[in-house]
Every structure is written in structure tokens, then in C-alpha cells.
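Here is how the chains run, residue by residue.
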Amino acid sequence: MKSERVTTTLGSLLSLSNGKTSPERSNNLPYPVYGGNGIIGFSNEANSNPGTIIIGRVGSYCGSVHFSDSSCWVTDNAIRAKAMNGNDPRFLFYMLQTLHLNNYRAGSGQPLLNQTILSQISATIPAPSEQRRIAYILSTLDDKIELNRQMNETLESTARAIFKSWFMNFDPVKAKMEGRIPACMDTETAALFSSAFQDSPLGKIPAGWEVGTLGDLSHQPQYGYTASAKDEIVGPKFLRITDINKQAWVDWSSVPYCEITDKEIDKYRLYKGDVLIARMADPGHGVVIEENQEAVFASYLIRFRPILDQYARFLQYWLRSNSYWELVKGREIGTTRASLNAKTLSGFPLVIPPLEIVEIFSSQISNLRDRIVANTSETESLATLRDTLLPKLLSGEIRVDDAVEILEETDGEKS
């Protein structure tokens, strides 16, 4: 049985005002600064209280919705919305996501939402007490998603630190040269590192190590498949640059699909351990395929398949190293449109450690990355559950008590 709902307008639920020009921003300041696309930096100043809803006002982010638990600054690319008359701000944030605000935009050239347009949009809501219960359920799922994201960032930072220590700073070699035991390393692993350096085209490197190229470690590189991305399931997943350049793992739930013949899918099918590097648009960004997915890769990506599987993890973190990005940026100097090609990437030089060390590194990193993949998979499931519950809770199709039982079952399955 549906609980009682009333239909009203956003103007009776929310106090609306435009944001203001962004103050000076930095990453080490206390207050988040929101534009239409979310947090764009941090400031020493705030113009909005905790519980503010941020609505994108202009451009491609017109109608986007964000929420700030803390005091924040909202820029003039967005509208500040504050709950009125006892309504729950978190509930209203979720409700706004179901209204497709971008459909109400004005302007033939530059899309625009203003306070007048927003205030006249109708909405159906339950009583504030039920609003709070609905908001609690949905925010519980969002909190779990955020916790997974934070855990993944910590795991990723740990993996990068190990790579930098072993293969960029050569800390184990330096420790042995100074008569110290390499930190955070067992005796067997430490024994594999030399206790001296040798000259090389890339400067001083550990004795016994080699200088080679990406091409030396890979099979013949391959350009991706040309197709249009589709939201509907018309074929395999279609991995693009935009799916790999935002975070250090692939969120397969947001990857679209493409049409492709059986013959072509065999040619472009992705396999676990494949290294993909963007050649245009955002050149240099790379990813290693860590899951078996029915997927192909787009034409702006180049595949480098390691000759030895053990080098996939090594290359995964080499692609995130400063030395790699110096090579990428060096190719961009003096060009009007930054791009890379397979020949150039194949020739990128790198220090190649002995296979025994790479195998141990791969094992350690795989343990971390497996947890990242598991967290990402759980996040996909949580997001799907949240997006399924959201409209049904708001409409009253699902009772709050039933949703609580669903959450408890989800927690039980995880444990």
C-alpha cells in the first residue's frame, strides 16, 4: 500500500539562489568548490551551509545535481538549493535526480536553467518523516559506494608506492649498498636485488638490469575497432578513452556497447592482461584489463599484449610513472594536436628488471588489484540497487520497511 503523497512545486520545497564567482582555489583548503559538474577545487571561503543541493545552471552540465554535507562554495555556473518547510535536503537531492532537470532547459545555443524555471517544476513527495527514512536508505548505499572508492584509492596508492620504490627510486639497491635491510621486504626478495649500480642510456640502474623498450616486452601492437557506442545491448562492451582516463580502474557498468561481426570480434576481443594506451584525445593514458569481459576496444586505443604475462602488472604501473609521462609530454611539444602512434609508443625506453623480481612484484600487486576489482564490482551492484530503489521509494511503489529488508539481505550476502 502506497503512503500518502502530495504534489507541489520545487519553489515551495527549495529556496533557490545563483552561485557566485569562484574564489581562489587550491587542493589544500577546507571548503569544496562546486561548479555544475561537481567539485572543481577547494577554497578558504564558503557561501553555502551544509545540506546544500547544487544544480548545474549552464552548458553541458545543465540540470546536473550534487549534494554537499559540509559548508561549501557554489560558483556562478550552478544554482544553490536549500530545503524549506521541514523537508529533508538529502531526500530532495535524490528526488531531483528523477526529474530529468536537463529537459527543462531553455536557450537554443547555450543550455540554461534559471530559478524561475526550476521553481515551477512539479514534484510529488511524502511527509518529511518518510522523506528522512527514504534518504537514510539511499544514503546508506551511497556511503558504501564512497567507502569502496576510498578503499580503492588507498590500495592504488600502496601499489604505486611499491612500484616507485622498487623500479624508480631503486630503494632496495640503495639499502643494500648502505648495509641496510630493504624496508618492507622479506629476505628472499631482498636477495634478488643487486647491491650496486651500472651505467645505462637512462642513467644509473641496478647492476644486471637492462634498458629496453615497450615494444621489446610486447607483441605487435594493434589499433582498435571503429564503431559507434550504443547504450542498448547490441553486442559486446566497447571500451573507449573516456572509460580509462578518469580513475585507476575500469567501471564496466558505465561502458557502452557496439555492433560488430563475429569475425571482427575475434580480432578486437579484449583479454585479461592486455595493455591499452590512448593515442588521441587524451594521449598516453593507459589501462590493463583485469577481468574477463565480453568486450572490444575502440580505435583511439592501441593494444600492447605483453609477451610474458608477468610483465602486465609492471607495465600497468610504469604507465603511471613520472618517467613515462615525461616521454608522453616530450612527444607533445610543438604539435598542434597531441597524439601518439604505435611506432612511437613501441620505442619508449624503460628499465627492465629481472623476471624473478617482476614475478614477485606482480604477485604482490595482484593481491591489491584483486581487492580493487572486487570493490568495483560491489560498487556496481550497490549502484544498480540504489538506482532501482530510488524511483520506487519516491513513488511509494516500495515501502521503506521492505527496502530495509533488501539492504539487510544484501549485507548478509556480502558477509
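Everything here concerns the structure above.
Residues numbered from 1 in each chain as written. Predicted model: local features only at pLDDT ≥ 70, side-chain atom pairs only at ≥ 80, totals over all residues. Heavy atoms only, no water.

Draft legend 1. View of the pairing of strand 4 (residues 38–43). Here strand 3 (residues 31–35) pairs with strand 4 via five bridges, running antiparallel. For V33, the partnering residue across the bridge sits in strand 4 and is G41. Here strand 3 hands over to strand 4 after two residues, the two strands then running antiparallel side by side. (Pairing = 2+ DSSP bridges. Helix = DSSP H or I, 4+ residues; strand = E, 2+ residues; numbered from the N terminus.)

Draft legend 2. How the structure looks around the sheet that holds strand 6 (residues 65–68). Judged by pairing direction, the sheet is antiparallel, and its four strands sit side by side in the order 2-8-5-6 without closing on themselves. Two strands lie at the open edges of the sheet, namely strand 2 (14–18) and strand 6, each paired on one side alone. Between one strand axis and the next, the sheet turns through 25° on average, direction left out of account. Together, strand 2, strand 5 (52–56), strand 6 and strand 8 (78–83) form the strand contacts of helix 2 (residues 89–97), whose direction differs from that of strand 6 by roughly 165°. (Axes fitted to C-alpha atoms, helices over the stretch in contact; angles between N-to-C directions. Contact = heavy atoms within 4.5 Å.)

Draft legend 3. Broad picture of helix 4 (residues 128–168). Between its first and last C-alpha atoms helix 4 spans 56 Å; for 41 residues at 1.5 Å apiece the expected length is 60 Å, and the two agree. Directly beyond the C-terminal end of helix 4, a positive phi value near 55° is found at F170. (Expected span 1.5 Å × (residues − 1).)

Draft legend 4. Representation of the sheet that holds strand 16 (residues 286–288) within the structure. Strand order in the open sheet formed by four strands is 13-18-15-16, with antiparallel pairing between adjacent strands. Across the chains shown, the open sheet's two edge strands, defined by having one partner strand only, are strand 13 (222–223) and strand 16. When strand 15 (residues 275–278) meets strand 16, the two strands line up antiparallel, connected through three bridges. Bridging from a neighbouring strand, I277 pairs with G286 of strand 16.

Draft legend 5. How the structure looks around the nonpolar core. One finds F314, W318 and L345 to be the most contacted residues of the largest nonpolar core, which totals 44 residues. Other than its neighbours up to four places away in sequence, W318 contacts F163, L214, S323, Y324, L327, F348, P349 and L350. If you look at the next biggest cluster of nonpolar residues, it comprises 42 residues, including L10, Y94, L101 and L393. (Core = buried A, V, L, I, M, F, W, Y, C linked by side-chain atoms within 4.5 Å. Buried < 20%, exposed > 50% of the residue type's maximum accessible area, 1.4 Å probe, protein only.)

Draft legend 6. Up close: the side chain of E156. With respect to the secondary-structure elements, E156 resides in helix 4. Among residues more than four places away in sequence, those in contact with E156 are A248, Y317, R320, R369 and I372.

Draft legend 7. Highlighting the environment of V351. Mapped onto the elements of the fold, V351 is located in strand 19 (residues 349–352). A relative accessible area of 15% means that V351 is categorised as buried. Counting along the chain gives 33 residues from V351 to W318, while the straight-line C-alpha distance between them is 9.7 Å. Excluding residues within four positions of it along the chain, V351 makes contact with L202, I205, W209, E210 and F314.

Draft legend 8. Local environment of the environment of A403. Tracing the chain through its elements places A403 in helix 13 (residues 400–414). Once you skip the residues sitting within four places of it in the chain, A403 turns out to touch I137, L393 and I398.

Draft legend 9. The packing of aromatic side chains, seen in detail. The tally for this structure, following the rule as stated, stands at 21 aromatic pairs. Relative to F314, the ring of F163 lies with its centre 5.6 Å away and its plane at 50°, an arrangement referred to as tilted. Of this pair, F163 sits in helix 4 while F314 sits in helix 9 (residues 311–318), placing them 151 residues apart in sequence. On the basis of relative accessible area, F163 is assigned to the buried category, the value being 3%. Above the plane of the ring of Y317 lies R320, whose end atom (NZ or CZ) is 4.9 Å from the centre. (Phe/Tyr/Trp six-rings, centres within 6.5 Å; stacked < 30°, edge-to-face > 60°. Lys NZ or Arg CZ within 6 Å of the ring centre and 35° of its normal.)

Draft legend 10. Summary view of unusual backbone geometry. The phi dihedral of H100 falls on the positive side, at around 50°, and the residue is not glycine. Turning to its location among the elements, H100 is positioned in the loop between helix 2 and helix 3 (115–119). A relative accessible area of 52% means that H100 is categorised as exposed. Look at C184: it is not a glycine, yet its phi comes out positive at around 55°. Mapped onto the secondary structure, C184 falls in the loop between helix 5 (171–177) and helix 6 (187–192).

Draft legend 11. Geometry of the packing of helix 2 against helix 4. Between helix 2 and helix 4, the least distance of the axes is 8 Å, while the angle of their chain directions is 70°. Of the possible angle classes, the one that applies to helix 2 and helix 4 is roughly perpendicular. Here R90, F91 and Y94 of helix 2 lie close against helix 4, whose contacting residues are Q131, I134, A135, L138, S139 and D142. (Parallel < 35°, antiparallel > 145°, perpendicular 65-115°, else oblique.)

Draft legend 12. Structural context of the packing of helix 4 against helix 12 (residues 355–395). Packing of helix 4 against helix 12 brings their axes to within 9 Å, and their N-to-C directions diverge by 165°. Relative to helix 12, the element helix 4 lies roughly antiparallel. Helix 12 is crossed by helix 4, and the crossing has left-handed handedness. When grouped by side-chain class, the residues that make up the contact of helix 4 with helix 12 number 25 nonpolar, seven polar and seven charged. (Left-handed = near helix turned anticlockwise from the far one by under 90°. Nonpolar A, V, L, I, M, F, W, Y, C, P; charged D, E, K, R; others polar.)

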